[in-house]
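Below, each chain spelled out in residue letters.
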4 protein chains.
Amino acid sequence: MTQTLGFIGLGNMGFPMAANLIAAGFRLRVYNRTPAKAAPLAAQGAFVVSSAQQVADGATVVLSMLADDRALEDVCMPQGSFVEKLGIGGIHISLSTIGPATARRLAEHHKKFGVEYVAAPVFGRPEAAAAKRLWVCTSGSGASKQTIQPILAAIGQGVFDFGEDPGAANVVKISANFLIASAMESLGEVFALSRKNGIEPSAVAEMFGKTLFACPVYQGYGKQIAEKRFEPAGFRLALGLKDINLALQTAQASAVPMPVAGILRDRWISAIAKGRENMDWSAATIGIAEDAGLK
Amino acid sequence: MTQTLGFIGLGNMGFPMAANLIAAGFRLRVYNRTPAKAAPLAAQGAFVVSSAQQVADGATVVLSMLADDRALEDVCMPQGSFVEKLGIGGIHISLSTIGPATARRLAEHHKKFGVEYVAAPVFGRPEAAAAKRLWVCTSGSGASKQTIQPILAAIGQGVFDFGEDPGAANVVKISANFLIASAMESLGEVFALSRKNGIEPSAVAEMFGKTLFACPVYQGYGKQIAEKRFEPAGFRLALGLKDINLALQTAQASAVPMPVAGILRDRWISAIAKGRENMDWSAATIGIAEDAGLK
Amino acid sequence: MTQTLGFIGLGNMGFPMAANLIAAGFRLRVYNRTPAKAAPLAAQGAFVVSSAQQVADGATVVLSMLADDRALEDVCMPQGSFVEKLGIGGIHISLSTIGPATARRLAEHHKKFGVEYVAAPVFGRPEAAAAKRLWVCTSGSGASKQTIQPILAAIGQGVFDFGEDPGAANVVKISANFLIASAMESLGEVFALSRKNGIEPSAVAEMFGKTLFACPVYQGYGKQIAEKRFEPAGFRLALGLKDINLALQTAQASAVPMPVAGILRDRWISAIAKGRENMDWSAATIGIAEDAGLK
Amino acid sequence: MTQTLGFIGLGNMGFPMAANLIAAGFRLRVYNRTPAKAAPLAAQGAFVVSSAQQVADGATVVLSMLADDRALEDVCMPQGSFVEKLGIGGIHISLSTIGPATARRLAEHHKKFGVEYVAAPVFGRPEAAAAKRLWVCTSGSGASKQTIQPILAAIGQGVFDFGEDPGAANVVKISANFLIASAMESLGEVFALSRKNGIEPSAVAEMFGKTLFACPVYQGYGKQIAEKRFEPAGFRLALGLKDINLALQTAQASAVPMPVAGILRDRWISAIAKGRENMDWSAATIGIAEDAGLK
């Protein structure tokens, strides 16, 4: 029998994930704050509802993909939320990138209603989501992590589990974004050095991408930064700062100094001061070149 | 007919490279300041000479692999050096990691004697050198870069050329080491955050090494740092600081601020202050954990 | 006629300020969450009340000196708070070090009830408060800044006004604490350098304190850090981190990169990771010496 | 009887010092690489010579005030230098800001010829030198520090001694310049924050200069930076970078991480990349405002 899933949040990432779930044979009840975005999914067979609560009707599993901690709390915490509606035995697969402290707090809240909160942040940009090539990283205390494998299989290419702590998966996710931003900063510094020495950044990016750093992050961002392709945004710079702040907040809560994160924070803030908040987050590297007197 | 090559510097890197050249059928005249290191090569057929000058006897191509700028200048610049001996039409393949400014100065000096200076720094640790899996990065003004391809093919798995400027290849090499050290610092920060959140760094390293960062640097150093295997040293921490300083000196000469390099410098200096200069350079990350109150 | 003032918050700073107001002839109604602290003031003539609201009975001016933004909001924002009780024509002199955003929000809230919110953060440690040698820095839109001069004169040695924006005075206050922490970090780096070169930090501190840096911050903290007197705490290290975070939050809200503040943040976090949260905030400099391999 | 002194180096600092020595009744033999600068001193009674060696004729004490380590070594180290000419019992008062390692090396060299090397770097800008208001900081192994007091009294307002190590005084001098640059960076960050919050930097500078930071560095540079008066240069930005580098080199030689110095280095490098090398070194703060999107 076809399983019915609820899905909340149809942005750049949520939309293609929901589409993949439909394509994999799931029946979907979808909700988005801006209803227009849901329309194309209706054409693919999704049932569009007009409130977050209603996605839980007839569903035991709800997925959510929202912009930040606040947005997720706003759909989970109010009285009568979809969490309460799910009730005992329900599962909430939380795909958003949020702070581990929020994840832990939400998990406690879900437990009160017998719902399992599975942290399942995803790795990849919208193209990867569309291509079903996301990586998923899970954590949470429930037994449900087994039962949701078919669902996760429909949205990504692999799952890594990080144990019982509902905050763990988000620590890993935040760490990944921090590592990506770090790599971009370091590449940006290298490219400024290259340019000042008459070397084409693209050539440097190509070599590194074929040898020591033959991996998606260095290949993709290396090329993009070397060629200064910062628009359209795959991941908005302002959202990038949100994630760097998540890293710094988690670091402070854990009493971990992270000096590179401090540099990233300033780099991103400067980009925002210069009006680049809607560019791709790799546009933060423009500031590196500017500091070196380059255009 | 078998070509005779001179080879100066038989350290951790030079020795296996020389051995590979012999294995590839070249006749080698080798010199090392500490003669004992040369003995095993003699057994493989190398002719061991007792001064750097003598490697040039009967050779038109000399390779050198030395510890730093000073060591290289000491064999190239004195009156009667192997460079003068090589004379018109001679080629010096300079494999060492040195500053681009030194490379440019040396190239000028070689030109006076009709010798082509080819900058050819290599990427990889001693195991890679032994396995003929180094990457080579060349630059220099001469026509010789074509003729030496068989020689470079005998020591590595591929060559990337960066044009006429004899300093360019070293800018790229210095950049690579900077990127590696940056990646280690960022991984170290992530692992401290993981540990404080109850997550095993090895699990994090494994996931990143299989997904976003599926490349040698993150896989190798990720595992090594997560498992705290800092001895024996593949690349001594004190030499790592030398390379970070090369990056900073080159950055200053080029008027490029490199804040991440500044952090690395302090991290490495602190490791030296704590007596870790002979550990692997990845041991610099111990300080990150200590700053977070971890052992 | 004797003026009656309300006073909320009798900690290390609030207590001596309240005592000075009594000594200056004001009648005081005082409230502190932990009532025991209020007892000695009662002996000096203060009327101790059992809720924050009650300080406003018969008073048109209330002063508050609380630990952080949250504590201040908790007494101002609830229905029936002292702000509402003060009503039209009332004045709230807010002495706490809080974020300018909070100050602006509170000022709006006060306006609804006809109360003027005067930001009046103070500069100085408990000894200075006791000696009536605080500096006060005011801002706010009302006409009341004139009328409260006698009150401010009773607690400090001088007032600087920064205009209409209720957030301005706190920007200045946060900046001052940032400058003090920066000076401590820089002094700590200098002293580590001195020690490693066989020079007594006290001698260095003395010279600077008598010449280029002949001012309270460098003289006081210079001596204290040089002599490693970190206990008892004049200002707790954990509170210092709170203020550094206020600087960073305000900086981000204003899109201003502050790299030195980033360094301070990590330095303070590391001190907390090492269990120094209850020492004086100058104890953050211990980490500088440790990073240099010193005890 | 009038004492004859040699004086080498008549730049912005050396000139007024030499003039003050003449005014104090010393007979001066002066040398400057660019002879024109010496002419006005001749009018005041100095005897202008045409080589550094000749300043030692008939003198037992020579003072020098040169731009950097190299310039000082160039006059001290060659065969037949003024040091050799001074010979046994001679005294060299070295006023320049140089690295302590250089000072130690020079002291050894002087010892060979029986000359005492007294490190005596001075604190203050050209106006202070002219007004005889420099601070002098001495170190060195000889007994001569007593005998030269009248000479030092003629150029400054006070002397602080730091013991036998000829490097010590320069460690202190370098530290002072580092502290000044740090203060400028921190003030620059504060002023950017102020401007973004609608507060006039001059008002902030004034308050701090009258209260917590009532000392020459904060008063002078606070006003200058707030008012953006960066020309003409009192101390050239490029020379400032030289001094920051001296701090970093000394820090590395002593194995002391100095993260704030790292930030300063990048700030100054960026200023040079933007063409500000001939402005006053406080112009480095322009970059702080630019990073915040300010003009």
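How each quantity is defined
Residues numbered from 1 in each chain as written. Chains lettered and ligands numbered in written order. Predicted model: local features only at pLDDT ≥ 70, side-chain atom pairs only at ≥ 80, totals over all residues. Helix = DSSP H or I, 4+ residues; strand = E, 2+ residues; numbered from the N terminus. Rg over C-alpha atoms; globule rule 2.2 N^0.38 Å. Buried ≥ 20, exposed ≤ 12 C-beta atoms within 10 Å, placed from the backbone. Contact = placed C-beta atoms within 7 Å. Domains from an automatic or database assignment. Nonpolar A, V, L, I, M, F, W, Y, C, P; charged D, E, K, R; others polar. Least-squares fit on C-alpha atoms with pLDDT ≥ 70 in both. Pairing = 2+ DSSP bridges. Axes fitted to C-alpha atoms, helices over the stretch in contact; angles between N-to-C directions. Core = buried A, V, L, I, M, F, W, Y, C linked by C-beta atoms within 7 Å. pLDDT = per-residue confidence, 0-100. Expected span 1.5 Å × (residues − 1). Parallel < 35°, antiparallel > 145°, perpendicular 65-115°, else oblique. Left-handed = near helix turned anticlockwise from the far one by under 90°.

## Details of the overall build of chain A
In step 1: Along chain A, the regular secondary structure elements total 14 helices and nine strands.
In step 2: For a compact globule of 295 residues, the expected C-alpha radius of gyration is about 19 Å, and chain A comes in at 20 Å, within 12% of that figure.
In step 3: Along the three orthogonal principal directions, the C-alpha set of chain A runs to about 65 × 45 × 35 Å.
In step 4: Counting across all 295 residues of chain A, residues that qualify as buried make up 60%.
In step 5: Long-range contacts, defined here as pairs at least 24 residues apart, represent 66% of the contacts in chain A between residues at least 6 apart.

## What to know about the domain arrangement of chain A
Residue and element names in this part refer to chain A.
In step 1: Domain boundaries in chain A define domain 1 (4-164) and domain 2 (171-291).
In step 2: Each of domain 1 and domain 2 has a C-alpha centre, and these two points are 28 Å apart.
In step 3: With 11 residues of domain 1 at the contact, the number on the domain 2 side is 12 residues.
In step 4: Here the side of domain 1 that touches domain 2 is composed, by residue class, of seven nonpolar, two polar and two charged.

## What about the relation of the copies chain D and chain C?
In step 1: With an RMSD of 0.0 Å, chain D superimposes on chain C once it is rotated by 180° and translated 0.0 Å along the axis. The two molecules are tied by a two-fold rotation axis, judged by turn and shift. Measuring from the rotation axis to each C-alpha of chain D, the shortest distance belongs to D:C215, at 2.6 Å.
In step 2: When you check the interface residues of chain D against chain C, 100% turn up at the interface there too, and the contact is symmetric in its surfaces.

## Here we look at the relation of the copies chain B and chain D
In step 1: Of the two same-sequence chains, chain B is brought onto chain D (RMSD 0.0 Å, axial shift 0.0 Å) by a rotation of 180°.
In step 2: Counting the interface residues of chain B, we find that 100% of their copies in chain D are interface residues as well, pointing to one common contact surface.

## Looking at the interface of chain B and chain D
In step 1: Of the residues lining the interface, 11 residues belong to chain B; the matching set on chain D comes to 12 residues.
In step 2: By residue number, the principal contributor to the side of chain B that touches chain D is helix α13 (residues 259-273) of chain B, which donates eight residues.
In step 3: When its residues are assigned to classes, the side of chain B that touches chain D shows six nonpolar, three polar and two charged.

## Regarding the sheet that holds strand β4 (residues 61-64) of chain B
Residues and elements named next belong to chain B.
In step 1: The six strands lie next to each other as β3-β2-β1-β4-β5-β6, forming an open sheet whose pairing is parallel. Edge strands, defined here as strands with exactly one partner in the open sheet, are β3 (47-48) and β6 (116-119).
In step 2: Summarising the sheet, strand β5 (residues 91-94) and β6 pair through four bridges and their orientation is parallel. By the bridge assignment, I91 is partnered in β6 with E116.
In step 3: Of the strands in this sheet, β1 (4-8) and β2 (27-31) touch helix α1 (residues 14-23), which is tilted by about 160° from β2.

## Concerning the environment of A:L193
In step 1: Looking at where A:L193 falls in the secondary structure, it is placed in helix α9 (residues 168-196).
In step 2: Judged by C-beta crowding, with 28 C-beta atoms within 10 Å, A:L193 ranks as buried.
In step 3: Not counting residues up to four positions away in its chain, the partners in contact with A:L193 are B:V171, B:S175, B:T250, B:A251, B:S254 and B:V256.

## Describing the interface of chain D and chain C
In step 1: Counting residues at the interface gives 54 residues for chain D, matched by 54 residues for chain C.
In step 2: Only β8 (134-138), α9 (168-196), α10 (201-210), α11 (216-226), α12 (237-253) and α13 (259-273) of chain D provide two or more residues apiece to the side of chain D that touches chain C.
In step 3: At 17 residues, the largest contribution of residues to the side of chain D that touches chain C is made by α9(D).
In step 4: The residue makeup of the side of chain D that touches chain C, split by class, is 38 nonpolar, 11 polar and five charged.

## Topic: the nonpolar core
In step 1: Counting residues in hydrophobic clusters, the biggest one holds 451 residues, and the most contacted among them are A:A18, B:A18, C:A18, C:V55, D:A18 and D:V55.
In step 2: Setting aside its immediate chain neighbours within four residues, C:V55 contacts C:G6, C:F7, C:I8, C:R29, C:V30, C:Y31, C:V49, C:V62 and C:F82.

## Focus: the sheet that holds strand β3 (residues 47-48) of chain C
In step 1: Spatial strand order, β3-β2-β1-β4-β5-β6 (chain C): six strands in an open sheet with parallel pairing. The open sheet has two edge strands with one neighbour each: β3 and β6 (116-119) of chain C.

## Observations regarding the environment of A:S254
In step 1: Here A:S254 lies in the loop between α12 (237-253) and α13 (259-273).
In step 2: The exposure class assigned to A:S254 is buried, which follows from the 22 C-beta atoms found within 10 Å.
In step 3: For the pair formed by A:S254 and A:D69, sequence separation is 185 residues and the distance between their alpha carbons is 18 Å.
In step 4: Not counting the four nearest positions on each side in its chain, A:S254 is found in contact with B:L193, B:K196 and B:N197.

## Here we look at helix α10 (residues 201-210) of chain A
In step 1: Among the residues of α10(A), those classed as buried are A:P201, A:V204, A:A205, A:M207, A:F208 and A:G209.
In step 2: Taken together, the buried residues of α10(A) touch α9 and α11 (216-226) of chain A together with β8 (134-138), β9 (156-161) and α9 (168-196) of chain B.

## Examining unusual backbone geometry
In step 1: The linkage connecting A:E231 with the following residue, A:P232, adopts the cis geometry, with an omega of 0°.
In step 2: Phi at A:K228 is positive, roughly 55°, even though this residue is not glycine.
In step 3: Looking at where A:K228 falls in the secondary structure, it is placed in the loop between α11 and α12.
In step 4: Backbone geometry places D:K132, a non-glycine residue, at a positive phi of 60°.
In step 5: Its place among the elements puts D:K132 in the loop between α6 (126-130) and β8.
In step 6: A residue is classified by how many C-beta atoms lie within 10 Å of it, and D:K132, with 18 of them, is partly exposed.

## With respect to the environment of B:Q224
Residue and element names in this part refer to chain B.
In step 1: Checked against the element boundaries, Q224 lands in helix α11 (residues 216-226).
In step 2: Of the residues examined, Q224 has 19 C-beta atoms within 10 Å and is grouped as partly exposed.
In step 3: Each C-alpha atom, one on Q224 and one on S202, is 9.0 Å from the other, the two residues being 22 residues apart in sequence.
In step 4: When sequence neighbours within four positions are dropped, the list of residues in contact with Q224 reads R229 and S282.

## Description of the confidence of the model for chain A
In step 1: Averaged over chain A, the pLDDT score is 96; the fraction of residues at 70 or greater is 100%.
In step 2: As scored by the predictor, the complex reaches a pTM of 0.96 and an ipTM of 0.96.

## Observations regarding helix α5 (residues 100-112) of chain A
In step 1: Spanning 13 residues, α5(A) covers 19 Å between terminal C-alpha atoms, matching the ideal 18 Å at 1.5 Å per step.
In step 2: Taken together, the buried residues of α5(A) touch α3 (69-76), α4 (82-86), β5 (91-94), β6 (116-119), α9 and α12 of chain A.

## Observations regarding the packing of α9(D) against α11(D)
A pair of packed helices is captured by two measures, namely the crossing angle of their axes and the spacing between those axes.
Residues and elements named next belong to chain D.
In step 1: Axis separation between α9 and α11 bottoms out at 10 Å; the angle between their running directions is 45°. Here α9 is positioned oblique relative to α11, judged by the angle of their axes. Crossing geometry of α9 relative to α11 is assigned as right-handed. Here I180, A183, M184, L187, G188 and F191 of α9 lie close against α11, whose contacting residues are V217, Y218, Y221, G222, I225 and A226.
In step 2: For the contact of α9 with α11, the residue count by class is 10 nonpolar, two polar and no charged.

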